[in-house]
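Notes for the structure review
What follows is each chain in one-letter form.
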Amino acid sequence: MNRHLACAVLATFASVVGLSEAAHAAANCSNTSVGLVPLNDLGTSLYQGFEGGLYPGGANRRPDAHTAGGLQAASRIQPRDRNGNPDPNGKIVVLTFGFSNTAQESDWLLFFGGGSPLRNPSVEFVNGGIPGLSADRIVKMGALPRPLLDAELTKAGVTAAQVQVLWYKQAIESPTGGFPAHAETLRGANEWILQELKTAYPNVEIAYLSTRAYGGYGFSSVNPEPYAYETGFSYKWLIEQQINGDPALNYDPTLGPVKAPWICWGPYLWADGETPRKDGWFWRCSDFQADGTHPSFLGGVKVGGQVANFFEQDPTSVGWYLSVPPATDVDALPAADWTIGAARPNPFGVRMAVPVRIQEVQRVEA
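Presented here is an overview of the structure given in this document. (Residues numbered from 1 in each chain as written. Predicted model: local features only at pLDDT ≥ 70, side-chain atom pairs only at ≥ 80, totals over all residues. Heavy atoms only, no water.)

**Thoughts on the side chain of glutamate 240**
Relative to the helices and strands, glutamate 240 resides in helix H8 (residues 227-243). Residues in contact with glutamate 240, not counting those within four places in the same chain, are Tyr55 and Pro56. (Helix = DSSP H or I, 4+ residues; strand = E, 2+ residues; numbered from the N terminus. Contact = heavy atoms within 4.5 Å.)

Next up, the structure:
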């Protein structure tokens, strides 16, 4: 039985669960679909001449050779002291990196991941999402926002030398131009940023990448469609670039100078509004704030839980993330059928959430 985040039961006031129409008066809640096919449903079919799928050949499964490289990188992840030396009492820091959406969603990743009974206690999450600092702005600055990132590390009681994993979600604010030009611009920006992150945090071994969510509910130029959808190709091409052995993204010290962490897809977050993907993922207007772009309470919970779930299941993360190796037999699971986490926020004003983790998929009512 896989040990994973089966569900999160949210205890909220009715006013929060319902999300009044007034709260979304500015969002374009009628735009529930733009008719595009998510990359993981597109397969070998084409979008403007470019093949779908998350990986080469229209596949959603990582190539075995690339997974092997990820396992090799994962084998170097271990608790480290503040100077970066291996230490069984040290930390494995997972740093999130991105813009405002990433910051808000990371709060929930810290909530679900940090409170998980499955998490290796050496693993420490740090929210490195910085509002306003999109990929294009960072490239224009010519440097990472190190003072801001390091301040978050210090606040968490860890150091740059202990950062070993990234959850990375970046974008270009208010993109312009046609496809594929703007997607290629983001691919290049992400390549440069990941190289800079490897330089800044030399013990970073792995970066899991996620895209923007559905942009059809927005009313501004910040994250419109089809740009939000097309950013998925930026990440697809970047990962394929590493798979194809580009030295600019080399992660293997036996093949030459290491320029970047090993990269792969984390959760792919785009879906065509309320039209469910084949795996059931979708976006309602209530998952967003009044601007139709930034995640609401519900949207943040949705993404944070998805990323935490990913860490508990992916072959390249379970070895360092889980407190014990993955169970292969139900009898090897902890005796408790379920675990309830601490309420957040506490004290609360108008809303709160209580995470519940169960050992197998089953119906839960609240």
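**Comments concerning unusual backbone geometry**
Among all residues save glycine, negative phi is the norm, and among peptide bonds the norm is trans. Omega for the bond connecting phenylalanine 179 with proline 180 falls within 30 degrees of zero, at 15°, which places this linkage in the cis form. Looking at the secondary structure, you find proline 180 in the loop between strand E5 (163-169) and helix H7 (181-200). Note the cis peptide between glutamate 225 and proline 226, where omega equals 5°. Position of proline 226 relative to the elements: it lies in the loop between strand E6 (206-209) and H8. Unusually for a residue other than glycine, glutamine 48 sits at a positive phi of about 50°.

**Examining the packing of helix H4 (residues 100-114) against helix H9 (residues 297-311)**
One can describe the packing of H4 onto H9 by two numbers: an axis separation of 7 Å at closest approach and a directional angle of 50°. The pairing of H4 with H9 is recorded here as oblique in orientation. Crossing angle aside, the handedness with which H4 passes H9 is right-handed. Together, Glu105, Trp108, Leu109, Phe112 and Gly113 of H4 and Phe297, Gly300, Val301, Val303, Gly304, Gly305, Val307, Ala308 and Phe311 of H9 make up the contact between the two elements. Broken down by class, the residue content of the contact of H4 with H9 amounts to nine nonpolar, four polar and one charged. (Axes fitted to C-alpha atoms, helices over the stretch in contact; angles between N-to-C directions. Parallel < 35°, antiparallel > 145°, perpendicular 65-115°, else oblique. Left-handed = near helix turned anticlockwise from the far one by under 90°. Nonpolar A, V, L, I, M, F, W, Y, C, P; charged D, E, K, R; others polar.)

**With respect to the environment of leucine 71**
Mapping leucine 71 onto the fold places it in helix H3 (residues 64-74). Leucine 71 gets classed as partly exposed once you look at its relative accessible area, which sits at 40%. Separated by 246 residues in sequence, leucine 71 and serine 317 have C-alpha atoms that sit 8.4 Å apart. Not counting the four nearest positions on each side in its chain, leucine 71 is found in contact with Pro315 and Thr316. (Buried < 20%, exposed > 50% of the residue type's maximum accessible area, 1.4 Å probe, protein only.)

**Brief notes about the state of the cysteines**
Under the defined criterion, the tally for this structure stands at one disulfide. Each sulfur in the disulfide pair cysteine 29 and cysteine 285 lies 2.0 Å from the other. Taking the sign of the torsion about the S-S bond as the criterion, the disulfide between cysteine 29 and cysteine 285, at about -60°, is left-handed. Here cysteine 285 lies in the loop between strand E7 (262-265) and H9 and cysteine 29 lies in the loop between helix H1 (14-18) and helix H2 (39-42), a separation of 256 residues in the sequence. Judged by relative accessible area, cysteine 29 falls into the partly exposed class, the value being 27%. By relative accessible area, which is 8% here, cysteine 285 ends up buried. (Disulfide = S-S within 2.5 Å.)

**Thoughts on H8**
Helix length check: H8 (17 residues) gives 25 Å between terminal C-alpha atoms against 24 Å at 1.5 Å per residue, within 8%. H8 sits mainly inside the fold: 16 of its 17 residues count as buried. Looking one or two residues beyond H8, the residue adopting positive phi is glycine 245, at roughly 85°. (Expected span 1.5 Å × (residues − 1).)

**Quick word on the packing of aromatic side chains**
Scanning the entire structure with this criterion turns up 30 aromatic pairs. Relative to phenylalanine 112, the ring of tryptophan 108 has its centre 6.1 Å away and its plane inclined at 40°; by these criteria the two rings are tilted. You can see tryptophan 108 and its partner phenylalanine 112 sitting in helix H4, four residues apart, about one turn around the helix. Residue classification places tryptophan 108 among the buried positions, given a relative accessible area of 10%. (Phe/Tyr/Trp six-rings, centres within 6.5 Å; stacked < 30°, edge-to-face > 60°.)

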